[in-house]
Each structure stands twice: as structure tokens, then as C-alpha cells.
Amino acid sequence: MEVMEGVPPVINLTEVARTEKEEFEKKVSELIIEFGAENLLACMQCGACASICPLARVGFEWYNKKLIKAILIGMKEELLDDSTPWACVACNRCTEICPRQVSPFEVMFAMRRLMVEELAISTLAIEGDRSLYEHGHAVYMTGREARKKVGLPEKPPTTDSDEKALQELRTILKNTKLAELGLIPME
Amino acid sequence: MSDKDIRIGVYICHCGENIAGAVNINEVAEFAKNLPDVAVVRDYLFMCSDPGQEIIKEDIRKGLVNRVVVAACTPRTHEPIFRRACEDAGLNKYYFEMANIRDQCSWAHWHEKEKATEKAKQLIAAAVAKARLLEPLEDRYVELNKNVMVVGGGIAGIFAALDLANAGFKVYMVEKNPSIGGNMAKLDKTFPTNDCSACILTPLMVEVANHPNVELITYAEVESVDGSVGNFKVKVRKKQTYVDWEKCTGCGACINACPPKARVPDEFNEGLSLRGAIYIQFPQAVPKKAVIDPDACIRCSGRWFGEEPRRTKDGKPILAPCEKACPTGACSRDEPRDPNGELIELNVGSIIVATGYKVMDKKQFKEFSDSPNVITALQMERLITATGPTEGKLIVPSDIPKYLEWKKKVEKGKEAELEARKPKVITFVSCVGSRDNRYHTYCSRVCCMYMLKQAMLLKEKYPELDIYMFFIDVRTPGKDFDEYYMRCRNLGIKIFKGKVGGVQKLPDERLLVKGYDADLGKPVELISDIVVLATAIEPNTDLKDLARKLGINVGAEGFLRERHTKLYPVDTMTEGIFIAGCAQGPKDIPDSVAQAKAAASSAASLLAPGKMKVEPLISEVNPEKCTGCGICVELCPYGAIEMVEYNGKRKSKINETLCKGCGVCAAACPSKAITLHGFTYEQVVAQIRTIAKKGVIEEV
Ligand SMILES: Cc1cc2nc3c(=O)[nH]c(=O)nc-3n(C[C@H](O)[C@H](O)[C@H](O)COP(=O)(O)OP(=O)(O)OC[C@H]3O[C@@H](n4cnc5c(N)ncnc54)[C@H](O)[C@@H]3O)c2cc1C
Ligand code: SF4
Ligand code: SF4
Ligand code: SF4
Ligand code: SF4
């Protein structure tokens, strides 16, 4: 796996701070807090969240703890192209374990929101977005044949089988940044 | 009681399983019964317990025994207990002897039960052999002088003095500097509550100075200490102030008169500004009196104290500017002054040493450059405090001269623009000289917290400041301390795990900082306007010398050593001398005050009875046998022996109050003229012979 893509061997904190102050409208930490990670600043970098995060365990670079640190020192550009937040499985183990009640999961999701806001979406997210647009589910189950075999309707009784609801959802999606990006509609 | 009438009771303790697990108690008891002069042998599960002691007392009361041997654990902890039991039952408590069959026997030979049993027999036999030769001794009492000397007038010294003075003891406070207050007087605000240091310290300084039971002796140092607990004789050298303190009102007129040429770095501002040769230590000084630094004084008028003044053409004497400025004549040079100052003699019963610390100079750390914008944390305190060189205005230290120029102009009523640079970025570096084998291996304990404090104060006052902090790790173990740390994090102060390895001076007086971020696993770099070094808390340079005068110890790191880390934390190996505050080791104000109060109460409980019991287990010279060789005088580690006239000859004599009963002299005396009571030559030899004969006591 490519290690810390976009981050030079020596981090120039002055440059990071200058970029944050002069080129961004808001501090990265402020944005992440606004996007839902209210307790971001309380992180003391203990690493408990990383110790149990499945992403960290399979080798994603910007797992919870590290992402938080990068945000705290004001990095953004380096993080936007990364796919890690999209890989977060929302298991919330980190939320349970964090001694400072930071809820690193919220940071992950706030980061997703920031990415969409900044029109920087990882390829990893596109499959999910497509599935959401088509079926109303970001993670769509594949077992249609199996459902049929046991006598269940092919589609579950969710948005997937409710044409009206699906249209409404698509309308919403068309009004998001995803549409601006050209990712929606996906026909 | 004649020697013939010796009835020894031997009491063998099982110590639960501790002794009985390795030593065959029955076998040992049978053996003891056959030792000479043994009248009674008993064993019990816990001899030191109430019922155990009662067994011994009962035998004494019934007249069954008149010497007691307890075979049990260590005399270090248990001898006093059994001695008291003997005394309670009416037996002279020095008719008691102990055999350690636990620490030195059952524990040491736990897996060799037979050998352990054999050894226990021999140890008991040796104790019995000694017990046959014991002599009754009487406790002695020494009168205690109820005055106390407190050395050092920092926060620790002040509290120790106040507590004792309030309890009615007379206190002499000896302080090296012209004013009391110590390092705390230099601080801006104090963690963990951020109250202003001066606001909480100054009233205490005034209180101690005005207390009817306290006599302040400032600008003075301890020259020598003689005597011992209860009766110390101290010589204190009051340095020459060159200013008549009776007349000096502390108005400060002289200070401004002192010319620029005579200015030297101001110690109180940690060298960030200059002071004159005549100076008042700081505006809130107590006592607020001026002194002349003779090394800095350039002898303006061309004359020194006591010399004839030069005169103008019309015959008027030419005075030094300070002399001229002083409205009370306090610094008049008409009279000569002794450069050695004055020697003051004090008699005190106890001494508390609270001489504090100094911080390491940044000069030793070449890796952080010699830029004036790299400062120690104590300099940072001066830079942010309202009484500091810039009156609390935050500018880069390299521009302080500009500030001082500007201020002078403004004071003279001129219009002027201050062109000093304000810092935008400040970097803190932890553990400079601490936790570093090249300097000090210990952690200085307060720097993590004061760095967080300074960062917090700065960030709260100047939110636009960028603050970077580099720690090996953040140590916040006190009450409310970690919460304090979290406050800093929540302010958006950037905290890094990893130490700064180098600082480079840039041409524009800014600094290139090279650090490491362990969280991202990468080296980091930044440009900073000020770099603050948390330099280590160190023992004062003269602490070793003072300790030597007092006869107390310093540890490997150079701080004063307590008698026992856990149980006697403010006592020293010399009875009657206590320690408190940073002189004992780095610590914060709450801990310094707690120790000060502990030291005060220890001194008070020692002196309050007015007299003190001392054990009679000390040495005595038989002048008839002493040949006056004087070997013992040099050997005695407590300086207890001196040579005196006895029937026209030089003989050695031991001072009862100083002798600690170590026995060095008795062992060395070639004429066997010295007896260590409780361990006489005959007693010790009888023990050795018995062991050598594997438990058989020889009749002598
Ligand atoms: C940068 C910095 C910031 C700090 N901030 C805080 C804080 O916010 N909160 C906190 O709790 N603690 C703080 N501390 C720690 C605090 O300074 C100490 O805990 C406290 O000052 C210790 O008091 P003391 O009386 O033991 O020693 P000192 O204050 O050093 O006083 C010792 C006194 O003894 C005198 N003396 C020395 N040698 C002799 C001698 N031979 N004869 C006679 N007199 C002598 C000295 O002149 C001095 O007056 C800080 C320390 C530093 C370095
Ligand atoms: S567990 Fe919480 S405090 Fe620890 S690193 Fe993760 S977010 Fe930070
Ligand atoms: S919720 Fe996301 S960030 Fe937290 S442990 Fe699970 S996968 Fe990792
Ligand atoms: S208190 Fe903190 S900065 Fe000071 S030596 Fe200890 S760990 Fe280092
Ligand atoms: S017994 Fe020790 S302390 Fe006492 S006089 Fe002899 S050498 Fe000194």
C-alpha cells in the first residue's frame, strides 16, 4: 500500500498552518466539528481507537487516530483524496472505547461530509453511491436468488421495492454535491 | 542484684509460619533450656502481639526472669516494642537482648530446615551469652532550645516559618537574597488554578516579616553549624548591603540615578533586562530595601565608602549619583563599611532547610542556538508577567532593548512609536536537561504543567497565536492536572509527542524548529518567533556546601536527601534538621507547601516538650586507660569526640549529645579505653565466641 500519499517526508507545519489560514475559509478542525465531530479537540492521541479499528488492522493509512491528528494540525489537501473514511464500516467500536468520548467514528463521517463538500470523492465511494441511487441501499445485498428460493419477494419491502420512495430519494440525491460532481444521476 | 542471680527467659516466636516454617521450634526450645542461667523457655505464635508480650511481662512480674531474650524478627522494628514490655513489667529495659532468627535465619535458609534449626540455636545461644553480661542503663534527657532557624525564604520557608511562629516558636529566617519570596515571586500565574502568583505570595511575605515571632535575616548565609538536636549553634554571615537599612525607605530614587555603565543583567528578570549596581530586588520585595552590588558599582564619585570625597573647585564634595538621589542618606559613603558584613550567632533547637532550586541555563544546550529568542520557561514567566521587563507586553525577546528605549522616551514625555515585533508563533520544548543521561536522569515534575500553563495563558490572551508544544510525553499526575491539560487541548494548542532536536537561528531572528511527530511518525519543521525551553529544575550550586555545614546528605542528583522516602520524607539523617520544598527535589507549590507544613510540625513536636529522651547506647571514654593518641577524633563521623585536659594530660572525651553510638571509636581504640554501652567489648566477644563454638557458651 502507498504510504501517506501526498505527505512529504518532513511535515512543514508552518506551511500547513499558512495554507489553513490563507487558503481555506475555515480551520479544518472547525469544519470537522461543524460536520458532527463535536468532541474532536478532546483527543489526546492515546491510540485506543486505532487499536481496535478494522481499517487500521487491514492497513488503511488514515485510520481514526491518525486522521484526527492530521486534522488537529490543520492538514486538509493531503487527506481529501484518501479512501479511508469511505471504508469505515461504522462499527463504532472506537466510539465505545475512546476514553475522551471523542467518537472517532463521527470524525470519519465528518470527513466524508467534508470530502463531498470539497467535491473530492474516492472511487471507493462510487459503488456505494451508485447502489444508493439505484436501490436505496448503499450496501446492497446480493442474495436475490436465495430470497426467491425460500419464497420471499425478490426485493425487500424497503425503498428498493417502493418506486415512489426511490424517486424521492433520487430527487434528494440530485440536489446534493454528488450531482454537482456528475456522479448523480447514474443512468 | 548480684551477677550470680541471673535468670534468663528465652521467648521464641513462630512469626506465624515465617519462622516456624523453617525452624523446628520444639528442638530449639529444648536446646535453649540447657543454656547457662536460662530459667524459662517459652514459644508463641506471635510474640509481639498483646498476649505474647503478656507472657513475658507475667514471668518478669512473678520474678521468674530478670533478663529477657526474644528470638524473633528484626530488632530494627521490634526491639523498642519488647524493651517497653520489659519496662512496663518493672525490668530495666536494657536487660533485653534480641536474636534475629527470621530475616537472618528462617528466611535465608527456607529450604534447609535442619541447618536453619541449627543456626537458630547458635543465634539464641549467642544472645544468651550476651544477656548474661548486660548492664542496666538509664535513658538520658537533653534540654531543647525552642528556637528554630529556617534557611531559605521561598514559599516553603515562609510556610514553615509561619506555622512555627503561630505555634509560639521563635523563628529566624535566613535568606540569601535581599528579599524573601524565592522563585515563586518570579512567576506570573500559577497552575492548576491560574491565580496570580504575586497576589497569593505577597501577603504571606508581609505576614511572615511582620510576625512578632519571626526575625528576618535576609542577604545572609549560613557560615557554620555546631552542636546537635536541641542545641545547634549557628553562625550566620549577613552580607554587606552598603545601604543603611535603618534609613532606607525603599523609595527607589537611587535606582534610576545609577548610570547605564554600571548596569548588569537583572537576576530577578532572569537576565532579560538590566539592573543598576544599586538595586531593589523587585518592586514587591520584603524587606523593600536597596543594596549595592560592589562588583557592579563603578565607583561614580571616584571614592568608595569611608574615603574622602573629591571636591569641586568651590570645595563642595562630589557625591555619587545614588548618594545624591537618596532623600534619607541611606547610601552615604561617608562611613567605611566592612566588606565581610556582619557575623550573627544564633542558638536554635531545630533547623528547617528550604533553599529551593535553580533552573538550568540554556547556554549548555548548543542544539537550541544562541538566539535571544530561545528562552527558558522562567524567562517566559518574566516576559508575560505585568511586573516583567516589558510590563507584560508580549514581544520577541530580541526586541526588549527597543522596548526599553521606547519606554525611556515615553517616560520623558516624548512621543514615540514602539517598533518591537510581536510573536505569531511560539514553540515549547519539554525535558530540556531532564530525563537526559547527559544532564539529569530525573523528571523535573513541574515543567509539563507550567508549559501547559504558559501556553494556556498566552492562547487565552492572544487567541490568534499559533502555539506548538513538543513533549516526550505529557506528565500531569496532580489533583486537577489532567483536566488542566484537556483545557489546553480544547483551546486548539497543537501538541506533539516527540522532542525537538534542534533550533536554527534565521537571519531575521526567527527560528527554524526541527521536531518529530510520533503520531504521524514523521519529522516536522516550523518557523517560530519564540522557542521556550523547559530547562531542568536543579539543586542550587551551593547546596552541597550548605549540606556539608549542616551534616546532612545529598542524593546522587544533588538534592537534599530525606531520611526515608516514604516514612520520614522531611527528616534528615541528622536529628533536628528537616527539609522542605524544592531543596529536597523538584516539586510544585502545593507539594512544597505541604512539605513545609510537615517540616514545621515535625520541628514543633520535637521541641514542644522542651526536653528529649536519648538512648544511653553511646560510647564513653575511660580517661584512665586513654593514652591520648587521638585516633578516635578523626574517625568519629559525627564529630562527637574532642581532646581535653584530664589530670594534666590530653585525653579524648565524647560529647553525649552528639554521639550516635556507631561504635567506630570503640573498635579502633588501641587501648580499649572506649566502651560502647549496650555493646561492650566483653558482650560482643562473648557472642562471637559462642557462635565460634557452635552454640556452646564458655564460662569466662
Ligand atoms: C518556569 C516555572 C514555572 C513554575 N510555575 C509553577 C506554577 O504555576 N505552579 C506551581 O505550583 N509551581 C510552579 N513552579 C514551581 C515553583 O516555582 C516551586 O514549586 C516553588 O517555587 C518552590 O518553592 P521553594 O520555597 O521550595 O523554593 P524557592 O522558591 O527556590 O525558594 C528558595 C529560597 O531559598 C533561598 N536560598 C537558596 N539558597 C540559600 C542559602 N544557601 N541560604 C539561604 N537562603 C537560600 C533562595 O534565595 C530562595 O529565596 C514553577 C517553576 C518554574 C521553573
Ligand atoms: S481513542 Fe479517543 S482519545 Fe484516543 S486517539 Fe482515539 S479519538 Fe483520540
Ligand atoms: S467506526 Fe469506523 S473508525 Fe471506528 S472503529 Fe469502526 S471502522 Fe474504525
Ligand atoms: S515534568 Fe514533563 S517536561 Fe518536565 S522533565 Fe518531567 S516529563 Fe519532562
Ligand atoms: S560511637 Fe561513633 S558517634 Fe559515638 S563517639 Fe564513637 S565514633 Fe563518634
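To be clear, the structure that these remarks concern was listed above.
Now for a quick tour of the structure.

### Quick word on the overall build of chain A
Tallying secondary structure elements over chain A gives 13 helices and one strand in all. When the helices and strands of chain A are placed in sequence order, the string is β-α-α-α-α-α-α-α-α-α-α-α-α-α. Dimensions of chain A, computed from C-alpha atoms along their principal axes, come out at roughly 60 × 35 × 30 Å. When burial is assessed residue by residue, chain A has 45% of its 187 residues classed as buried. Taking the intrachain contacts of chain A between residues at least 6 apart in sequence as the baseline, contacts between residues at least 24 apart amount to 64%. Accessible surface, chain A: about 10,000 Å² in total, of which carbon and sulfur atoms supply 53%. Both charge centroids of chain A, one from 23 positive and one from 30 negative side chains, sit 6 Å from each other.

### Some words on the sheet that holds strand S17 (residues 342-348) of chain B
Residues and elements named next belong to chain B. The sheet built from three strands is open, its strands ordered S11-S12-S17 with antiparallel pairing. The open sheet has two edge strands, strand S11 (220-228) and S17, and neither has a second partner. Sheet twist, expressed as the mean angle between neighbouring strand axes with direction ignored, is 20°. In this structure, S11 lies alongside strand S12 (residues 231-238), joined through eight bridges in antiparallel fashion. Counterpart to Asp226 in the pairing with S12 is Lys233.

### Let's talk about the state of the cysteines
Residue and element names in this part refer to chain B. The final tally for this structure, using the stated rule, is one disulfide over all chains. Residue pairing for Cys196: its cysteine sulfur links by disulfide to Cys199, the two sulfurs lying 2.3 Å apart. Residues Cys196 and Cys199 share a disulfide whose torsion about the S-S bond is about 90°; that sign makes it right-handed. Under the relative-accessibility criterion, Cys196 is labelled partly exposed at 23%. For the unlinked cysteine Cys251, the closest cysteine sulfur is that of Cys326, found at 6.0 Å. Classification of Cys251 by relative accessible area gives partly exposed; the value is 48%.

### Regarding the pairing of strand S2 (residues 38-44) of chain B
All names here are of chain B. Of the pairings in the sheet, the one linking strand S1 (residues 8-13) to S2 comprises six bridges and is parallel in character. Within the sheet, the bridge partner assigned to Tyr11 lies in S2 and is Arg42. Following the backbone out of S1, through helix H1 (residues 25-33) and into the adjacent parallel S2, one traces a crossover that is right-handed.

### Considerations on the sheet that holds strand S1 (residues 11-12) of chain A
Pairing is mixed across the open sheet formed by four strands, whose spatial order is S1(A)-S26(B)-S25(B)-S24(B). Looking at strand neighbours, the two that pair on one side only are S1 of chain A together with strand S24 (502-505) of chain B, the edges of this open sheet. Where strand S25 (residues 511-517) of chain B lies against strand S26 (residues 522-528) of chain B, seven bridges are found, and the strand directions are antiparallel. Bridging across to S26(B), Gly515(B) finds its partner in Val524(B).

### Here we look at unusual backbone geometry
All names here are of chain B. The omega angle of the peptide bond from Phe191 to Pro192 is -5°, so this bond is cis rather than trans. Examined against the element boundaries, Pro192 turns out to sit in the loop between strand S8 (189-190) and strand S9 (195-196). Here the residue pair Val286 and Pro287 is connected by a cis peptide bond, since its omega of -5° sits within 30 degrees of zero. Examined against the element boundaries, Pro287 turns out to sit in the loop between strand S15 (278-279) and strand S16 (291-292). Unlike most non-glycine residues, Asn194 shows phi in positive territory, near 60°. Along the polypeptide, Asn194 turns up in the loop between S8 and S9.

### Comments concerning the packing of aromatic side chains
Following the criterion strictly, the structure yields 13 aromatic pairs over all chains and no others. Relative to Phe282(B), the ring of Phe268(B) has its centre 4.3 Å away and its plane inclined at 5°; by these criteria the two rings are stacked. Taken as a pair, Phe268(B) in the loop between strand S13 (264-265) and strand S14 (274-275) and Phe282(B) in the loop between S15 and S16 lie far apart in primary sequence, 14 residues in all. Judged by its relative accessible area of 4%, Phe282(B) falls in the buried class. Between Phe470(B) and Phe496(B), the aromatic rings sit 4.8 Å apart at their centres with planes inclined by 15°, giving stacked as the arrangement. Residue Phe470(B) is located in strand S22 (residues 466-471), and its partner Phe496(B) is located in strand S23 (residues 494-497); the two are separated by 26 residues in the primary sequence. The exposure classification of Phe470(B) matches that of Phe496(B), with both residues buried. Clustering of aromatic rings is evident, with ring pairs tying together Tyr242(B), Trp304(B) and Phe305(B). Between Arg112(A) and the ring centre of Phe109(A), over which it is positioned, the NZ or CZ distance is 4.1 Å.

### So, the site of ligand 1
All names here are of chain B. Close to ligand 1 lie 37 residues, the nearest being Glu175, Phe191, Tyr357, Lys587 and Ile589. At 3.2 Å, a backbone N or O of Ile155 approaches an oxygen atom of ligand 1. The contact in question runs from an oxygen atom of ligand 1 to an N or O atom on the side chain of Asn177, over 3.2 Å. Expressed as a share of its isolated accessible area of 1,000 Å², the protein-covered part of ligand 1 is 98%.

### A word on the pattern of salt bridges
All names here are of chain A. The full count for this structure, using the stated rule, is 62 salt bridges over all chains. Residues Glu117 and Lys177 are paired through a salt bridge, measuring 3.8 Å at the closest nitrogen-oxygen approach. Placement of the pair is Glu117 in helix H9 (residues 104-117) and Lys177 in helix H13 (residues 177-180), with a sequence separation of 60 residues.

What counts and how
Per-chain numbering applies: the sequence of each chain, read as written, is numbered from 1 onward. Chains and ligands are labelled by the order in which they are written, letters from A for the one and numbers from 1 for the other. Local features in this predicted model are restricted to residues whose pLDDT is 70 or higher, and side-chain atom pairs enter the listing and the counts only when it is 80 or higher, whereas totals over whole chains, interfaces and linings include all residues. Each side-chain value is derived from all of the structure's non-hydrogen atoms; neither hydrogens nor water enter the calculation. Secondary structure elements are taken from DSSP: a helix is a run of H or I of four residues or more, a strand is a run of E of two residues or more, and numbering for both begins at the N terminus. Burial status follows relative accessibility: with a 1.4 Å probe on protein chains alone, a residue under 20% of its type maximum counts as buried, one over 50% as exposed, and anything between as partly exposed. Two residues qualify as a contact provided that any one of their heavy atoms is within 4.5 Å of a heavy atom in the partner residue. Per-residue and other accessible areas follow the Shrake-Rupley method at a 1.4 Å probe size, with only the shown protein chains counted as cover for residues. The charged-residue count follows a simple rule in which Lys and Arg add positive charge and Asp and Glu add negative charge, with His and chain termini not counted at all. Charge positions are represented by NZ for Lys, CZ for Arg, CG for Asp and CD for Glu. Strand pairing follows a simple DSSP-based rule, namely that at least 2 bridges must link the two strands. For helices, the fitted axis covers only the stretch in contact; all axes are lines through C-alpha atoms, and the angles between them, taken along N-to-C directions, range from 0 to 180 degrees. Two cysteine sulfurs form a disulfide in these notes if their separation is within 2.5 Å. With the strands aimed away from the viewer, a crossover counts as right-handed if its path from the first strand over the helix to the second runs clockwise. Pairing of aromatic rings covers Phe, Tyr and Trp, the last through its six-membered ring, and needs centres within 6.5 Å; plane angles under 30 degrees mean stacked, over 60 mean edge-to-face, and all others mean tilted. Distance and angle both matter: a charge sits over a ring if NZ of Lys or CZ of Arg is within 6 Å of the ring centre and within 35 degrees of the ring normal. Definition of nearness: a residue and a molecule or strand are near each other if at least one heavy atom of the residue lies within 4 Å of the molecule or strand. Distance and chemistry together define a polar contact, namely a pair of N or O atoms within 3.5 Å, with one atom able to donate a hydrogen and the other to accept it when in protein, and with adjacent residues in sequence counting only for side-chain atoms on both sides. When a carboxyl oxygen of Asp or Glu lies within 4 Å of a side-chain nitrogen of Lys or Arg, that pair is called a salt bridge.

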